[in-house]
Structures are given as structure tokens and as C-alpha cells.
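One-letter residues, chain by chain:
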Amino acid sequence: MVEQAERAEALAARPRRLLSLVLGIIAATLVAGGGYLLFLGGSVYYLFAGVAVGVSAFFAFRGSDRAIPTYLAMLLVTFIWALFESRTVWGVQARVFAPAVLGIWVAWPWLQKLSKMTLAGASIAAALAISIPVYLAIRDHGSQPQYEKLVVGDADGEWQHYGNDLGGTKFSPLAQINRSNIGALERAWTYHTGDFFTGNGLQAVPLMVGDTVYLCTSSNQIHAVDAETGERRWMFDPKIDPPISAACRGVVYFRQSDDKGGTCATRIVSATVDARLMALDAKTGKLCQNFGKGGFVDLLDGMGPVLRDYYYVSSAPALVRGKLIVGGNVMDGQMTGEPSGVIRAYDAITGKFAWAWDMDRPDQHGMPPEGESFSRGTANSWAPMSGDEKLGLVYVPTGNGTPDYWGAHRSQGTEKYASSVVAIDVETGAERWHFQTVHHDVWDYDVASQPTLIDLPVDGEVVPALLQPTKQGEIYLLDRRTGKPLPPIEERQVPKGNLAGERLSPTQPFSTGLPGFSRTHLTESMMWGATPIDQLWCRIKFRKTRYQGQFTPPGMDWSLQYPGNVGGMNRGGVSVDPERGLMVVDWVRLPIRVRLTTREETERRGIRPSPGGAVPHVGVKNPQAGTPYGAIVDLGMMSPLEMPCLEPPYGNISVVDLKSGKIVWEKPLGTSYDSGPMRTASHIPLPIGVPSFGGSLTTRGGLVFIGGSQEKRFRAFDVATGKQLWSKRLPAGGNANPISYISPQSGRQFVLIAAGGSAILGSGLSDQFVAYALPKE
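Each chain carries its own residue numbering, running from 1 in the written order of its sequence. Only residues with pLDDT of 70 or above have their local features reported here, since the model is predicted, and side-chain atom pairs are shown and tallied only from 80 upward, although totals for entire chains, interfaces and linings are computed over all residues. Derived side-chain values reflect all non-hydrogen atoms in the structure, with water molecules and hydrogen atoms excluded from consideration.

1. Section: the sheet that holds strand 32 (residues 651-657)
Thinking step 1. Read across the open sheet, the 4 strands follow the order 27-28-32-33; overall the sheet is antiparallel. At either end of the open sheet lies a strand with only one pairing partner, and these are strand 27 (574-577) and strand 33 (662-668). For this sheet the average axis-to-axis angle between neighbouring strands, irrespective of direction, equals 20°.
Thinking step 2. Strands qualify as paired when DSSP identifies two bridges or more between them. We count a stretch as a helix when DSSP gives it H or I for four or more residues in a row; a strand needs E for two or more, and each element gets its number in order from the N terminus. Both strand 27 and strand 28 (residues 582-588) contribute to a ladder of 4 bridges, which runs antiparallel. Bridge pairing in strand 28 places V576 opposite M583. With axes taken as lines fitted to C-alpha atoms, and helix axes fitted only over the stretch in contact, angles between N-to-C directions fall between 0 and 180 degrees.

2. Some words on the packing of helix 2 (residues 45-62) against helix 3 (residues 67-85)
Thinking step 1. Two elements in contact, helix 2 and helix 3, have axes whose closest approach is 8 Å; the angle formed by their N-to-C orientations is 160°. Considering their axes alone, helix 2 and helix 3 lie roughly antiparallel with respect to each other. You can see that helix 2 and helix 3 cross each other, and the crossing is left-handed. Here helix 2 contributes Y45, Y46, F48, A49, A52, V53, V55, S56, F59 and A60 to the contact with helix 3, which in turn contributes A67, T70, Y71, M74, V77, T78 and W81.
Thinking step 2. Gly counts as polar in this scheme, as do all residues outside two lists: the nonpolar Ala, Val, Leu, Ile, Met, Phe, Trp, Tyr, Cys and Pro, and the charged Asp, Glu, Lys and Arg. Split by residue class, the contact of helix 2 with helix 3 holds 14 nonpolar, 3 polar and no charged. Working definition: roughly parallel below 35 degrees, roughly antiparallel above 145 degrees, roughly perpendicular at 65 to 115 degrees, and oblique for all remaining angles. When the near helix sits turned anticlockwise from the far one by under a right angle, the crossing is termed left-handed; a clockwise turn instead gives a right-handed crossing. Contacts were defined at the residue level, with two residues in contact if any of their heavy atoms lie within 4.5 Å.

3. Looking at unusual backbone geometry
Thinking step 1. With an omega of -10°, the peptide bond between T402 and P403 qualifies as cis.
Thinking step 2. Locating P403 in the fold gives a position in the loop between strand 18 (393-397) and helix 7 (412-417).
Thinking step 3. Here Y562 and P563 are connected by a cis peptide whose omega angle stands at 0°.
Thinking step 4. Along the chain, P563 turns up in the loop between strand 26 (559-561) and strand 27.
Thinking step 5. In this structure, N164 is a non-glycine residue whose phi angle is positive, near 75°.
Thinking step 6. Buried residues are those whose accessible area, probed at 1.4 Å on protein chains only, stays under 20% of the maximum for their type, while exposed residues exceed 50% and partly exposed ones sit between those limits. Among the residues examined, N164 registers a relative accessible area of 12% and is labelled buried.
Thinking step 7. The backbone phi angle of D444 is positive, close to 60°, even though this residue is not glycine.
Thinking step 8. Position of D444 among the secondary structure elements: in the loop between strand 20 (431-436) and strand 21 (452-458).

4. Structural notes on the packing of helix 4 (residues 89-106) against helix 8 (residues 532-543)
Thinking step 1. Close contact between helix 4 and helix 8 brings their axes to 8 Å; oriented N to C, the two are set at 145°. Contact with helix 4, carried on its side by A94, R95, A98 and P99, involves P532, Q535 and R539 of helix 8 and no other residues of that element.
Thinking step 2. Of the residues contributing to the contact of helix 4 with helix 8, the split by class is 4 nonpolar, 1 polar and 2 charged.

5. Here's the deal with the state of the cysteines
Thinking step 1. In plain terms, two cysteine sulfur atoms within 2.5 Å form what is called a disulfide here. For the structure shown, the criterion picks out 3 disulfides.
Thinking step 2. Here C216 pairs with C248 through a disulfide, and the sulfurs are 2.1 Å apart. Classification of the bridge connecting C216 and C248 rests on its S-S torsion, roughly -100°, and on that basis the disulfide is left-handed. With C216 in strand 4 (residues 212-216) and C248 in the loop between strand 6 (232-236) and strand 7 (252-255), this pair connects stretches of sequence that are 32 residues apart. Of the two residues, C216 and C248, neither departs from the other in class, the shared state being buried.
Thinking step 3. Residue C264 pairs covalently with C288 via a disulfide, S to S 2.0 Å. Because the sign of the S-S torsion sets the handedness, a value of about -100° for the bond joining C264 and C288 places this disulfide among the left-handed ones. Note that C264 is positioned in the loop between strand 7 and strand 8 (266-271) and C288 in the loop between strand 9 (276-281) and strand 10 (296-298), a separation of 24 residues in sequence. Side by side, C264 and C288 carry an identical accessibility label, which is buried.

6. A closer look at empty space enclosed by the protein
Thinking step 1. Every definition here rests on a 1 Å grid over the protein atoms only: cavities are sets of points where a 1.4 Å probe fits but cannot get out, pockets are open sets enclosed by protein on both sides within 12 Å along at least five of seven lines, and lining residues have some atom within 4 Å of a point. Grid points are joined across faces, edges and corners, and a volume is the space filled by probe spheres set on the points. As enumerated under the stated definition, the model contains 7 cavities of 30 Å³ or more in all.
Thinking step 2. Space inside the largest cavity adds up to approximately 180 Å³.
Thinking step 3. Lining the largest cavity are 18 residues; nearest its centre among them are H161, Y162, L166, P317 and A318.
Thinking step 4. Of all the secondary-structure elements, those providing two or more residues to the lining of the largest cavity are strand 7 and strand 12 (318-320).
Thinking step 5. As a volume, the second largest cavity reaches approximately 80 Å³.
Thinking step 6. Together, 15 residues line the second largest cavity, and V313, S315, A316, G327 and A383 are the ones closest to its centre.
Thinking step 7. Broken down by class, the residue content of the lining of the second largest cavity amounts to 9 nonpolar, 6 polar and no charged.

7. Some remarks on the side chain of S86
Thinking step 1. As for its position among the elements, S86 is in the loop between helix 3 and helix 4.
Thinking step 2. Since its relative accessible area comes to 13%, S86 is described here as buried.
Thinking step 3. Within the local environment of S86, its side chain forms a polar contact with the side chain of T88, the two groups lying 3.1 Å apart.
Thinking step 4. Contacts of S86, omitting those with residues within four sequence positions, involve G91, V92, R95 and E647. The term polar contact refers here to a pair of N or O atoms within 3.5 Å; inside protein, the definition further demands a hydrogen-donor-capable atom paired with an acceptor-capable atom, and it admits residues adjacent in sequence only when both atoms are side-chain atoms.

8. Topic: the pattern of salt bridges
Thinking step 1. Any carboxyl oxygen of Asp or Glu that lies within 4 Å of a side-chain nitrogen of Lys or Arg is treated as forming a salt bridge with it. Tallied over the full model, the rule gives 36 salt bridges.
Thinking step 2. Here R321 and E427 are joined by a salt bridge, their closest N and O atoms 3.5 Å apart. Of this pair, R321 sits in the loop between strand 12 and strand 13 (323-326) while E427 sits in the loop between strand 19 (420-425) and strand 20; the two residues are 106 residues apart in sequence, bridging distant segments of the chain.
Thinking step 3. With relative accessibility at 43%, the residue E427 sits in the partly exposed group.
Thinking step 4. Its salt-bridge partner being R580, residue D577 comes within 2.8 Å of it at the nearest N-O pair.

9. Remarks on the nonpolar core
Thinking step 1. Here the nonpolar core consists of buried residues drawn from Ala, Val, Leu, Ile, Met, Phe, Trp, Tyr and Cys, with membership extended through side-chain atoms lying within 4.5 Å. Core analysis: the largest hydrophobic core is formed by 53 residues, its most contacted members being Y214, F705 and Y741.
Thinking step 2. Among the elements that make up this core, the one with the highest residue count is strand 39 (residues 749-755) (6 residues).
Thinking step 3. When sequence neighbours within four positions are dropped, the list of residues in contact with Y741 reads G157, L174, W189, M208, V213, A227, R748, Q749, F750 and L752.
Thinking step 4. By size, the runner-up hydrophobic cluster in this structure holds 25 residues, among which are V269, A316, V326 and A356.

10. Considering a nonpolar patch on the surface
Thinking step 1. In this scheme, patches are assembled from residues that exceed 30% relative accessible area and form no salt bridge. Like charges are connected within 9 Å, while nonpolar side chains (Val, Leu, Ile, Met, Phe, Trp, Tyr) are connected within 5 Å. The Shrake-Rupley method, run with a 1.4 Å probe, gives the accessible areas here. Residue values count only the displayed protein chains as cover. Nonpolar side chains collect at one region of the surface, where L18, L21, I25 and W105 lie side by side and expose about 390 Å² of accessible area between them.
Thinking step 2. Of all the elements, helix 1 (residues 2-39) adds the most residues to the nonpolar patch, at 3 residues.
Thinking step 3. Looking at the element boundaries, L21 is found in helix 1.

The following block contains the structure:
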């Protein structure tokens, strides 16, 4: 009997011993990490919590019920501290949820003694305590404002340019699909390109002209598709071996002014990822033999020696006054003296070279003399451009000079024109004006967004204006005739560096008339985690990283850059509803960490320039050969669970009233359904807001359509209130801007998006374009 009693007692003690072991491990981690954090100047809470959990573990090991009030007291303090320190639902969740769940195990002996009625009531109260703050954080909100009508063109059922119009508003003047019937929108057709090379994600924004959709793939296949049914009409494959980071963002449709219906009277022009221009007959898909040499123009002409994949074109050319204007993509972070960032124009009919704008030789617009090349190492322009036919200008967004994180070697032209928007005369190639968004950019803050052209009432006059979104979260509003800022620009003091030879700018330009989307100064309390332990890890990481605020310069120690090098705003740009005077902005909230390495350490780590064709476009290990330093980048500043250290949201969508410059509504974009710890899909749709690369479409029907995010979902919002009105799952992330058009066959309005996903975002991979329409009557 005694042995049986001892055996029973031993069995009964096992759960307590296991609990004490778990609590002991947690306590040791919190005490060690919390002590180190306190040593670094951080919060005392984690050390306190570790001691309290350790005491609870001791009592649990002894079989004493005192483990329960000790732990619950710690939990109460944690809840009060969480409310005091965070004041956001996701910040409180990170601090309270995991300890509360563990608290159920700790308090189980007491919970077993409660009546079923009491236990049910406590459960309901706990559920309400969790759900009400979540609801308040995510509920749709906003009011219906009234707007002065701005200048807008006539309704047109086609989509003839990358941004619908040459100014890149990404606005559709169609209203067949609207707020009253959006709920009935259904999939109309799906088109498979059959090209499973996705490169840097399927980023194509299709065109729709007549009754045909024209689209491209990442390996520059061009497809013509029936706009009503999604059936293929023709396909042209240039047989390119593309870079691993390749992308094709769109094509150009061109109609000759004396169109008599002959061969190539209407044509599709595309720039390729092996640095060529090609022109195809829009009706047949056959090469236009009178364009260049057999339908191709070699963009490496005049560039000098170019290693494979170091130079290619990913965005559609701009077509202004019969000229095709192209920039180029230059591989990031490898070395000084990489291929030139020259801007060139070609005749849209013959492919004949028209002019060049070389920022180091801005007054020389011809091809370089024999044996010379366009200026090497200058800032490039990889993003989509915009144009104004009336003014005869093309607006060019530029990147920074290579490599990204050191700039002492850069030329005078690069210093002047990098990270800018430059207005170039399309007849001559001469610069009319430029506006620099970042001075001496050492943060990889390329101007990645297409300039958006609008006609805006200012002081009783309709002014031709330009909106320039940027990676650093600023949006600049300029007079597009002169480049003069409409609201004033403030040059504000920014942190200084201490590296010999570097010449950082003491100030940076900030927009005063529009919201700044990334001006938050990060603090330790903003660090996040799924549990207090990985949150503690992130807090230590933050404290060990040098952070002086926005524009913290890189150095020999780890420095924190916020926003990171994906934005802010990226290639999706903004869309504008010119009738309601609203601008739609989707933007990212992710920091990165950067550390410069000596040339000796860089070599020792084996970080060397790519010999060509072997590295992704944006790397975490940057050799920066030709400079004193390499650079290592910690993308996203992740926790050990591969989750961002910054608290949510990571992606937002905002609508700004262009008349007042105020935010009308703002909310997180996307849920955690397709993301989670260790890059796994959680399948839990928490509305945390996830990163987004694709952009939005606005329509006269009062809708905003957007895919773009890490989540594989296509959404429609009420542009006035922010209420989500419709959503559908996609086969992969909608990594591009959607378009809308009227099919002449049925008269129905369609919405079309590339659902190819993104390897960077982990949003799947697909070869599909998906079209939606209202049911046929």
C-alpha cells in the first residue's frame, strides 16, 4: 500500500515537475536576457519577469499553490506595463498573450475548482478582452467627404499606357463596377502564360487596346490575349536567358499617325532583360523588320564593356511625341564603374537613335565617340517614367550611384542628379529641371515609383503638377513645368557620420504639404515578437544597433535604417482619383540594418563582385569593390523566428485629400494568413498589415483595387471611407498594379491583375493573369 501511494504521488508530481522545468527555462532566459538588456540601457521589465517566473517555478517544483498567485501577480504587472508601454493592440498582444496562455497551465489547479458557470463567464470575459481591442484596431472607418472636382479626361474603355494615361494616374474612368454591385464581381477568365521563369516576380501591368490584352513575362515573352475570353491570339518569345532577378513591368502600344492598316502600323514595343528594344506587329506578333535591325535595337551600343546581367531594362519605355525613352537596371552593390545610367530616346517607327542624356555629360546628346562610352557608374533609372505630350517632357525617376552604401567616389553629375526626378525635353534630350529627393544617397533610396501627373487647383489656378512618391516615405508635389515645389520643401538637419572621406549631406528635403509616411522615430518599446522571449531578443538587437533617427548613416558598426531600402513607397507608386481629389498610397514599414566591412574583412568573407549572371539584384552581401568598404545588409531586421522585429503593421494603405493634404483614412493592408514564423503560412487571418510591392488602381466607381501584398488576396475598398467591399483569393500574390477596361464584345467592365507572386515576399509563384467581371446578364 505504501509503495502504491508513493507511486501515485510520484505520478501526480510529474505535471508539476514538468511545469517547473518549463517555467525554470523561461525564467533563466528572461533573467539572462533581461539583465543584458538592462546593461544595454533597456527596460527592467524582463529581469523582473524572469525573477517572478523563477519564484513561481520554485513553488511549482515544491508542489506549493503559491506558484499560482506569484505567477498571476506577474501577469497583472505585465498587463499594466503592456498598456502603459505600447498602447497598440499588437504591442499588447506580444507582451501578454503567451504569458496568459502559460498562465492557464500554472493556474489549472485553481481553475479545476471553479464551477462550470464561473469558468464559462471567465472565458467569455477573456474572449471579449481580446476581441474588442482587435475589433477597434481593424474596424472599417471613415466618413464620406465632399471634394472639388479636378481635371479629368473623357471616359475611355481602353488601357493604353502603363498607368492608363501617360501621366501614370492609374485611374480608370469606368463606373460599371461600383460600390453598389462590387459584391457580385467574379472571376471571368484566367490566362496561363506557360512561362514559369518568374525572376523577381511577375510584375507586368498589361495594356488593353481595341479588344486585345497585351502582356509580358519575366523572360520577355509577349502575349496577345482576347480581352473577353482570355484566349491566346499570339505569342512571341525572344528566347532570352534572363537574369535571376529579371522582371518585365510592361510594354508600349504605338499607332502610326498615318495608320493605313499595313504591317506594323500598330505595334507593341518592349525593352528586354538582355538590353534590347524589340518591336512587334500588334495584330500578328511578328517582328517589325523596319525597326532597328530585323525588329531589334541593341541597347548595349555605346555602353562599353558590360558583364552579363549587369545592365538590362525592366520597365516599359515611355512613349512621348513618337519617341521611345528608356533607362536601365544596373546591378546593385557590386563595384564602382558599373555600366552607365544614361537615358536614351529612339524613334518609335524606325528604332533610330534620337538623343542621349548622360548626367556626367549633360550637354552632349549624341552617341559617344569611337572607343569611348557613356559615363560609367552614373545613377540609373529603372522605374517607370511618365510623360507630358503638351509640354514635350519626359519625367525620369533616378536611382543612386553604384554602389549603394558608400558615395565618396561619385561623380559631380551623380551627386547632382541621383535619387531625383529629372524632366527632359523629348525633342532635344536637354534637361529642363530636376528635383533631388535625397542628397548624397547612401541608403539605397532609389526613386522607385513612377511620377504621377495631375492637374491640381492651387490658389484658384489649375496647375500642371507632379507627385513623386519615394522609398523614404516622402511624397513631393511639384509644378511639372518648372520643378518648383508647390507646398514648400524644408531642408532639415539629419544625423552626421564619422567615416573619413565620406561627404554626407547635413540636411535632407522633407515635404510640408503632404503627410510623411515614415517619420516615426523608432524606440525599443516598438520592438515586437510572437512571444516575450523573441521580443526580448529583438530589443537587445535594437539596443546593440546604432540608431540616430531617419537617415542614420552606415558605419563600421551595425546601423538601423528606417524605412528600409524597399520603402516607404516602391515600384507600385500611387494612384489618383482626380475626380474626387484623392491619392491612394500603399506603403511598407520595415527597417533594415547595415554594417560596412573593411576591404580586408570583405575579402576574407569571400564577398566579391559577381562575374556576371550569378547574384540577385539586391543582395545582403555587397562587395562594393573600388571603395574602402563592403556592406552587409540585414533585410527586415528579423527575429530568430524569421518575423520582423518591428511591431505591426508592416504594410498600410492610406488615402490623402490632395486639396487639404490630410489623410482621409488609413488601415493595415493584408493579413497574416500567408505568413508566419519561419516563413510558414499561419492560415490565421490576423489583420497585421503585410509588406506590399504591387500598387493600386482607382476607378470612377469609387473603388480602390489592390493585390500587391504578401497575402495572396485581391481586394477592393471604398475610396472615400476605406471600407473593404470585396476580396478574392489569388493563386499567388498580385505583385503588380491592376488595370480595368471595357470589352467591346460584351460591353462589360473587367479588372485584370498579374498573380505571379514574389520570391522576396514569399507570396508564391505562378504564371497566371486573372480577370474579374460582373456576371453576364
